[in-house]
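Listed below are the residues making up each chain.
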Amino acid sequence: MVMDYMLSEEEQMIVEIARTIAIEKIKPLRDYYDEKEEFPWDIVKEFAKADLFATYIPEEYGGFGKGVMGLVLVVEELCKVDGAISLSLAATALGAFPILISGSEEQKKKYLPDIASGKKIAAFGLTEAGAGSDATGMTTTAVKDGDYYILNGSKRFITNGGDAETYVIFAKTNHSRGARGISCFILEKGDPGFNFGKKEKKMGIRASSTRELVFNDCKIHKCRLLGREGQGLVIAQTTLDNSRPGVAAQALGIATGALNEAVDYARKRVQFGQPIISFQIIQHMLADMATEIEAARALLYASARMIDSGKVRRTSKESAMTKLFCSEVAMKVTTNAVQIFGGYGYTKEYPVEKMMRDAKITTLYEGTSQIQKNEIALNLIKEYVTKSK
Amino acid sequence: MNVIVCIKQVPSLANVKIDLETGRFKRDGIESVINPFDKYAVEEGVRIREKIGGKVIVITMGPPQAESALRETISRGADEAFLISDKIFGGSDTLATSYTLSSAIKFIGNYDIIICGKQALDGATAQVGPGVAEMLNIPHVAHVKKIEFIDDKLIRVERMMEDGYDLIESSFPVLLTIIEGINSPRIPSLRGKMFSKKAIIKTLDAETIGVDAKKTGLNGSPTQVMKVFVTQQQRNYGKKFSGDVKEIAVALVKRLSKLGIV
Ligand SMILES: Cc1cc2nc3c(=O)[nH]c(=O)nc-3n(C[C@H](O)[C@H](O)[C@H](O)COP(=O)(O)OP(=O)(O)OC[C@H]3O[C@@H](n4cnc5c(N)ncnc54)[C@H](O)[C@@H]3O)c2cc1C
């Protein structure tokens, strides 16, 4: 038996489709893409044909309106087989959320249907060389010039960079206002003065492209401004509230995949005349892995449902807890999976080697684990202060 | 261009067991799936529609449970589906099945192409497709491996043969039975799956399609299964020669000449 999370019939369909694609389309190619570090366009096309890009997008923009839950179910299922290829989809969601959250009707109509259909993938550009955990340290500027903005600067580590068509970019419109001087823009590939820098070579998620974006007097019309001037940081934070469960789902999927591999291997591998799964210490390792994964899943689904209910304005604490817990569980589970495989786990002959490399990123991007803890603590303090008033 | 695809629901062979006493499949608790060859048939039908328009109608003769197989074909792109179901169809052999299916096809009418899988996974006779064509008095091409050309007047297909393939041209209507590998069946999309849940699947019974009760079901089946048995596999292990190349060659030639082969 598996834990029953009362998924709706349509949610179960989403899972089934994602599973079929993961097994039939991704599994045969995962080692290829990991080794070649190519962008997995042929699989992106499969996602598009199966409507997987559309689950979380509202129906009026060509989606299915299945919310953050719809997104995490897809990402989790795909990542059970491969933690990198699904990032084309998950990072597209990261680029779509700011438009969903603060786009005008016109902007939503212009950009979201192509994202839902998978015709265009998206990206989210917040990080810079000198501004990682502290986004307010960014130096990219957007200067107003009549009906236009002129952007200068660069963004580092942008997932889907170069491969995406639609970019949500954060830049300073008013230096003197600090955190309130950041604004958010939609850029399109091909905008004048918008170029791509180097592509990172990485430890894991190698099928995902991570590039530098460079703006050299990049001139865009003011209709590309998302929300109002100065709202950028709030848009970024609200986006992360919605998207961090996606990273958690990636982590959870990878962890689940690793557990399955570990159980399978432990039953087959014989040492001292018996399958290693008969050793109680191995059984206990597997038991801990399974329990932590289930706890992570319960937290993830609960947060996703809470976000989708729309009952609260912000879910920063819950999203941070979810991402923190799921990503740390993924790191622990994949490390132990390699341990159970022994020396074989350290080789590319078995998938757990890659799973451990892929898992690591989930404790880093969209805020490191330390930053999640800061966020959780900050909210605890706020809640305490409100209560004691 | 209207395409009718005939499918069958069969027990999933993944973990099917055979009752050694009766020689029949133990069907209890075994999942039913679309006959694998028929998935290619549905996909090919949908591709024809995507290319030249029209409609893809899927039919199956079977018990009420077979409706789930029809729904799946809708999630894979079919437009409509009919379940041909009646108690009197039970026990049909390939002749009675061909008769009943052809009656249903006549009732539905207005078809240009009928596509069947090359055979069913369980019976594996490959007779029903050609049988339907005969009863409808239309041409058929069996074992099609590729549709080489198609427009609204003409179709040219490659028929798989033991020593290559034949290129065959036909006007419409025509019936094709197709082999696996002719395409790679699409994975149902979310939209397709959701749509298939809501699709209305009509049941056509004996009276509706106007079959002659004497020609369908057990009554219409001249062939009856007398006995089914499981063959014992004879294991004739090969012989392995070892040594250096010369020794192996000598031993092999000796053995072959002893067998009268050289
Ligand atoms: C593969 C990959 C893909 C990425 N994709 C994107 C993307 O699509 N879009 C995007 O905008 N960014 C992206 N990033 C950037 C990512 O979000 C940042 O790397 C991350 O936020 C950390 O920033 P940093 O690397 O500058 O680390 P730093 O901020 O320099 O942190 C270094 C260390 O200091 C710790 N630290 C920092 N501040 C504190 C503090 N206040 N308290 C305690 N500890 C602290 C951190 O936890 C960390 O351990 C990506 C990064 C990678 C590697």
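These figures come from a predicted structure and were not determined experimentally.

The rules we used
- Residues numbered from 1 in each chain as written.
- Chains lettered and ligands numbered in written order.
- Predicted model: local features only at pLDDT ≥ 70, side-chain atom pairs only at ≥ 80, totals over all residues.
- Heavy atoms only, no water.
- Helix = DSSP H or I, 4+ residues; strand = E, 2+ residues; numbered from the N terminus.
- Rg over C-alpha atoms; globule rule 2.2 N^0.38 Å.
- Buried < 20%, exposed > 50% of the residue type's maximum accessible area, 1.4 Å probe, protein only.
- Contact = heavy atoms within 4.5 Å.
- Areas by Shrake-Rupley, 256 points an atom, 1.4 Å probe, with all protein chains shown as cover.
- Lys, Arg positive; Asp, Glu negative; His and termini not counted.
- Charge placed at Lys NZ, Arg CZ, Asp CG, Glu CD.
- Phe/Tyr/Trp six-rings, centres within 6.5 Å; stacked < 30°, edge-to-face > 60°.
- Lys NZ or Arg CZ within 6 Å of the ring centre and 35° of its normal.
- Domains from an automatic or database assignment.
- Buried area = accessible area lost by both parts, 1.4 Å probe.
- Salt bridge = Lys/Arg side-chain N within 4 Å of Asp/Glu carboxyl O.
- Polar contact = N/O pair within 3.5 Å; in protein donor to acceptor, adjacent residues only side chain to side chain.
- Nonpolar A, V, L, I, M, F, W, Y, C, P; charged D, E, K, R; others polar.
- Near = heavy atom within 4 Å.
- Expected span 1.5 Å × (residues − 1).

Caption draft 1: Geometry of the overall build of chain A. Summing up its helical and strand segments, chain A has eleven helices and ten strands in all. The C-alpha radius of gyration of chain A comes to 21 Å, within 12% of the 21 Å expected for a compact globule of 389 residues. Residue burial in chain A is summarised as follows: out of 389 residues, 54% are buried. Nonlocal contacts in chain A, meaning residues at least 24 apart in sequence, comprise 74% of its contacts between residues at least 6 apart. Accessible area for chain A stands at about 17,100 Å²; split by element, carbon and sulfur atoms hold 53% of it. The averaged location of the 49 negative side-chain charges in chain A is 4 Å from the averaged location of its 51 positive side-chain charges.

Caption draft 2: Expanded view of the overall build of chain B. On a plain count of helices and strands, chain B comes out with seven helices and 13 strands. Along the first, second and third principal axes, the C-alpha set of chain B runs to 70 × 45 × 40 Å. Per-residue burial over chain B gives 42% buried out of 262 residues. Partitioning the contacts of chain B with sequence separation of at least 6, the portion at a separation of at least 24 is 70%. Carbon and sulfur atoms make up 52% of the accessible area of chain B, which amounts to about 15,000 Å² in all. If the 36 positive side-chain charges of chain B are averaged to one point and the 31 negative ones to another, these points end up 6 Å apart.

Caption draft 3: Local environment of the packing of aromatic side chains. Inspection of every chain in the model, using the stated rule, returns 16 aromatic pairs over all chains. Ring centres of Phe124 of chain A and Phe170 of chain A lie 5.2 Å apart, and the angle between their planes is 65°; on these two criteria the pair is classed as edge-to-face. On the criterion of sequence distance, the pair formed by Phe124 of chain A in strand 1 (residues 122-125) and Phe170 of chain A in strand 4 (residues 166-172) is long-range, its members being 46 residues apart. With relative accessibility at 9%, the residue Phe124 of chain A sits in the buried group. What makes Phe170 of chain A buried here is its relative accessible area of 0%. A ring pair is formed by Tyr344 of chain A and Tyr350 of chain A, whose centres lie 6.2 Å apart and whose planes are at 90°; its orientation type is edge-to-face. Judged by its relative accessible area of 37%, Tyr344 of chain A falls in the partly exposed class. An aromatic cluster of three or more residues is present, and its members are Tyr167, Phe194, Phe196 and Phe215 of chain A. Across the ring face of Phe157 of chain A, the terminal group of Arg156 of chain A is positioned such that the distance to the ring centre comes to 5.0 Å. The ring of Tyr165 of chain B carries the charged tip of Lys145 of chain B above its face, separated from the ring centre by 4.3 Å.

Caption draft 4: Quick look at the domain arrangement of chain A. All names here are of chain A. Domain parsing of chain A yields domain 1 (9-121), domain 2 (123-231) and domain 3 (233-388). Between the C-alpha centres of domain 2 and domain 3 there is a distance of 29 Å. The junction of domain 2 with domain 3 conceals about 1,100 Å² of combined surface from both sides, 73% of it contributed by carbon and sulfur atoms. When the buried surface of domain 2 facing domain 3 is broken down by residue, Met203, Ile205 and Gln231 rank first, second and third, together holding 42% of it. Where domain 2 packs against domain 3, one counts zero salt bridges. Seen at the junction of domain 2 and domain 3, the total is five residue pairs in polar contact (both at pLDDT 80 or more). Counted by class, the side of domain 2 that touches domain 3 contains ten nonpolar, five polar and one charged residues.

Caption draft 5: Spotlight on the site of the ligand. All names here are of chain A. Inspection of the region around the ligand gives 20 residues, with Thr127, Ser133, Phe157, Thr159 and Thr368 positioned closest. One of the side-chain nitrogen or oxygen atoms of Ser133 is found 2.6 Å away from an oxygen atom of the ligand. Between the ligand and Thr159, the relevant distance is 2.7 Å, taken from a nitrogen atom to a side-chain nitrogen or oxygen of the residue. Considering the ligand on its own, with 970 Å² of exposed area, one finds that the protein chains cover 64% of that surface. Every element with two or more residues in the shell around the ligand is listed here: strand 3 (148-159) and helix 11 (369-388). Split into classes, the residues belonging to the shell around the ligand amount to nine nonpolar, nine polar and two charged.

Caption draft 6: Local environment of the interface of chain B and chain A. Each side of the interface is counted separately: chain B has nine residues, and chain A has 17 residues. Buried area between chain B and chain A, summed over both chains or domains, comes out near 1,200 Å², and the portion from carbon and sulfur atoms is 68%. Ranking the residues of chain B by area buried against chain A places Ile187, Leu190 and Met194 of chain B at the top, with a combined share of 53%. Viewed at the interface, chain A and chain B are joined by two salt bridges. Among the residues making up the side of chain B that touches chain A, the classes are represented as four nonpolar, two polar and three charged.

Caption draft 7: Unusual backbone geometry, seen in detail. Residue and element names in this part refer to chain B. Following Phe172, the chain continues into Pro173 via a peptide bond in cis, with omega recorded as -5°. Mapped onto the secondary structure, Pro173 falls in the loop between strand 11 (164-170) and strand 12 (174-178). Even without a glycine there, the phi angle at Asn137 is positive, about 60°. Structurally, the position occupied by Asn137 is in the loop between helix 4 (128-136) and strand 9 (140-150). In this structure Asn137 comes out as exposed when scored by relative accessible area, which is 69%.

Caption draft 8: Spotlight on the pattern of salt bridges. Residue and element names in this part refer to chain A. Tallying each qualifying case throughout the model produces 47 salt bridges over all chains. Here Arg357 and Asp34 are joined by a salt bridge, their closest N and O atoms 2.8 Å apart. Note that Arg357 is positioned in helix 10 (residues 352-360) and Asp34 in helix 2 (residues 30-36), a separation of 323 residues in sequence. We classify Asp34 as buried; its relative accessible area is 7%.

Caption draft 9: Here's a closer look at helix 1 (residues 9-26) of chain A. In a regular helix each residue adds 1.5 Å, so 18 residues correspond to 26 Å; helix 1 of chain A covers 25 Å between its end C-alpha atoms and thus fits that length. Burial in helix 1 of chain A covers these residues: Glu11, Met13, Ile14, Val15, Ile17, Ala18, Ile21, Ala22 and Ile26 of chain A.

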